[in-house]
Structure formats: structure tokens, C-alpha cells
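# Results of the structural survey
Now for the letters of each chain:
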Amino acid sequence: MEDDCRLVTVLGMAGVGKTTLATKLATSIQDRFEYVIWRSLEYTTPGNHLLSELVSFLSNRQQSKPDINLLIHYLRTSRCLLILDNLETALNANLMGKYRSGYQIYGDLIQAIAKTKHKSCMILTSREKPTLVATFEGTGLSVRSLHLQGSQEIALHLLESKQLLGSDEQKQQLCDRYSNNPLQINMIANAIIELFDGKIGKFLELNTLLLSNISQLLKQQLHHLSELEWHIMYSIAINQEVTSVDTLAKSICPTVPQWQLLNAIERLIWRSLIEKQAKGYIQKPIVMEYVLERLKQQIL
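To start, this report covers the structure provided alongside it. Quick caveat: nothing in here was measured; it's all calculated off a predicted structure.

Each value, and the rule that gives it
- Residues numbered from 1 in each chain as written.
- Predicted model: local features only at pLDDT ≥ 70, side-chain atom pairs only at ≥ 80, totals over all residues.
- Heavy atoms only, no water.
- Helix = DSSP H or I, 4+ residues; strand = E, 2+ residues; numbered from the N terminus.
- Rg over C-alpha atoms; globule rule 2.2 N^0.38 Å.
- Buried < 20%, exposed > 50% of the residue type's maximum accessible area, 1.4 Å probe, protein only.
- Contact = heavy atoms within 4.5 Å.
- Salt bridge = Lys/Arg side-chain N within 4 Å of Asp/Glu carboxyl O.
- Polar contact = N/O pair within 3.5 Å; in protein donor to acceptor, adjacent residues only side chain to side chain.
- Pairing = 2+ DSSP bridges.
- Axes fitted to C-alpha atoms, helices over the stretch in contact; angles between N-to-C directions.

The next thing to look at is the overall build of the protein. Scanning the protein from terminus to terminus reveals 14 helices and seven strands. Scaling as 2.2 N^0.38, a compact globule of 300 residues should have a C-alpha radius of gyration of about 19 Å, and the protein matches this with 21 Å. Going through the 300 residues of the protein one by one, you find that 47% of them count as buried. Partitioning the intrachain contacts of the protein with sequence separation of at least 6 by distance along the chain shows that 71% fall at a separation of at least 24.

Written out as C-alpha cells, the structure is:
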């Protein structure tokens, strides 16, 4: 609102709270817009249907042609807040940042909103960053991204609501292991209630993270990785610490050109599977354990 952004993308792993944050934001700023439109792409059909809907709604049913230029006209005429939730469902899992067949219209729409001057705003939520967003975003520009991290406050509140048995230190340790991801915390809390009578300490003694449906959740986000991306994930997991580009390059056999390595690292960051730190790259504990377990299964 302060910087007059036209496009804001909220990125993060499944369950971290992207949709919740977008909902909270839309509720708090809705009075500054003439129209607020929310669509979950998880339930949207491919093709021009969404575009026709938007044009029809903003033209007061006077137009229904799926024309992006026509939509931009209405976004200039009226101040609109357009929220597209779960954008990753429109993306091609095998082609990073690209769209599935029949869904390219969403990419065209995002590009038009990012490049064209108007007085409206689009918010996207996604598990991975679209290429177009990476192209146009930047500090001081009208296109921005937020990599959402888990909330310690919310994670602890979830544990308290479940009435689990454990010390404050044990509760904090449990939250840290799951990077304060609300969905993962909720899943593991339910598992602790069912399997350990709600005793956090008994679960922590097992020294494992992959209970409940968490493995399936991670599988959904990781199973489309390329061979090079898996090599990078394995290397970081084996090191169990911040891993530099040089270390990653030496661990990959046969060697690949540096540009390919850097592109693969960037794609993993876009998918929120690794994080950049001052001296290299690191994984969240739950991702690291999943990757190591997968490696063990392959060796066996």
C-alpha cells in the first residue's frame, strides 16, 4: 500500500501460512479497494474461464470477452485487489516456473499486471516462484516477493491448544524441529496425542521427524526434482550444515557447468526447499531428514 506495488507474491512451503496471511491482509485493507476478488487456482479450470469471469464482474456484466487488455482497462478504471491462491497448481511441476498446458493464460495475466501501469493490485500465493515474477521483481519496484517463514508464536499457540504434556523447553524444541510450520505442527501434535498420550518428551526421544502425513506432504513438493537438483539436496543433507557452491560443485559427479549448478540452486530456492545463508545453503530439519531417508532407501 505504501510503495504502490502492483504484484506481490507470497512464497513458502505447504502449510507455512501463505493463504492465512493473504486472507488476513485482504480483510485488513479491503476498504481501500472498490473490488476484492479471491480465486483459488486449485479449483479453477484451465483456459480463459477466469479471465471471462473477471471481465464480466468488473464490467457489471456488460462484457465477458476473455481479453487481457479489456481487463487492464477495468483495473485502471476501478481500484481492485485480485488474489490468486495456490498458483503452484497452474505450474508445470517438470518445467520450473512454467505453466501447465491450458494454464498459460495465468502467466499472461500476471505479466500484464506486472508490466502495465494501473491502480489495482494482485497478490499471489505459491509454493514456487513463477519465472515472470523473478524477472520483474526487485526492491523499489512495483513487483515484490515475500518468502514466508513459520511463526514461533503461532506454532506455540497451536501446541497449547492441543494441551500436550511437556515443558516449555520441549515445546520450543518441537516447534524448532518443524521450523514453526503450522500445518506440520498440527499434524505432529495429533500424532503425539494418538501414539504417545500427548507426551512430547516420549516423541522427542525417538529422534525422528517423519511421522503422520508429513512424509507425504514433503513427497508432493520434492518428487518432481531433476537429477541435478537431487544431487544438490543430497549433498546439503549429508553435510548437515551450511554448504557452499564450491562444495556442491565438487560433490557432483560427473561435473556440470557452473551455470547449470547455479540455475538448479536457484530453482530449489524458488521452491523453498533450500535457504540462502551468508556462506552457502541450508535445509530445514524436516526436509533434511526426508532427503536422507530417501537416500538410504536408494542405497538399500
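The next subject is the pattern of salt bridges. One pass over the structure, following the stated rule, counts eleven salt bridges. For Lys65, the salt bridge goes to Asp67, with nearest N and O atoms at 3.9 Å. Taking the relative accessible area as the measure of exposure, Lys65 reaches 52% and is therefore exposed. Taking the shortest distance from any N to any O, the salt bridge between Arg127 and Glu88 comes out at 3.7 Å. Taken as a pair, Arg127 in the loop between β4 (121–126) and α5 (131–136) and Glu88 in the loop between β3 (80–85) and α4 (104–115) lie far apart in primary sequence, 39 residues in all. With a relative accessible area of 16%, Glu88 lands in the buried category.

Below, the discussion takes up helix α3 (residues 68–77). By the burial criterion, the buried members of α3 are Ile68, Leu70, Leu71, Ile72, Tyr74 and Leu75. With a side-chain oxygen lying 2.8 Å from the backbone nitrogen of Asn69, the N-terminal cap of α3 falls on Asp67.

Judged by pairing direction, the sheet is parallel, and its five strands sit side by side in the order β2-β3-β4-β1-β5 without closing on themselves. In this open sheet, the two edge strands, each paired with only one partner strand, are β2 (35–40) and β5 (143–147). Direction aside, the axes of adjacent strands within the sheet are offset by 15 degrees on average. Where strand β1 (residues 7–11) and β4 come together, five bridges link them in parallel fashion. What sits directly across from Leu7, in β4, is Met122. Helix α2 (residues 49–58) contacts β2 and β3 of the sheet and is inclined by roughly 165 degrees relative to β2.

Time to look at unusual backbone geometry. Despite not being glycine, Asn180 shows a phi value in the positive range, around 60 degrees. Note that Asn180 resides in the loop between α7 (168–177) and α8 (182–196). Assessed through its relative accessible area of 10%, Asn180 is described here as buried. A positive phi angle, close to 55 degrees, is found at Gln240, a residue other than glycine. Overall, Gln240 belongs to the exposed group, its relative accessible area being 51%.

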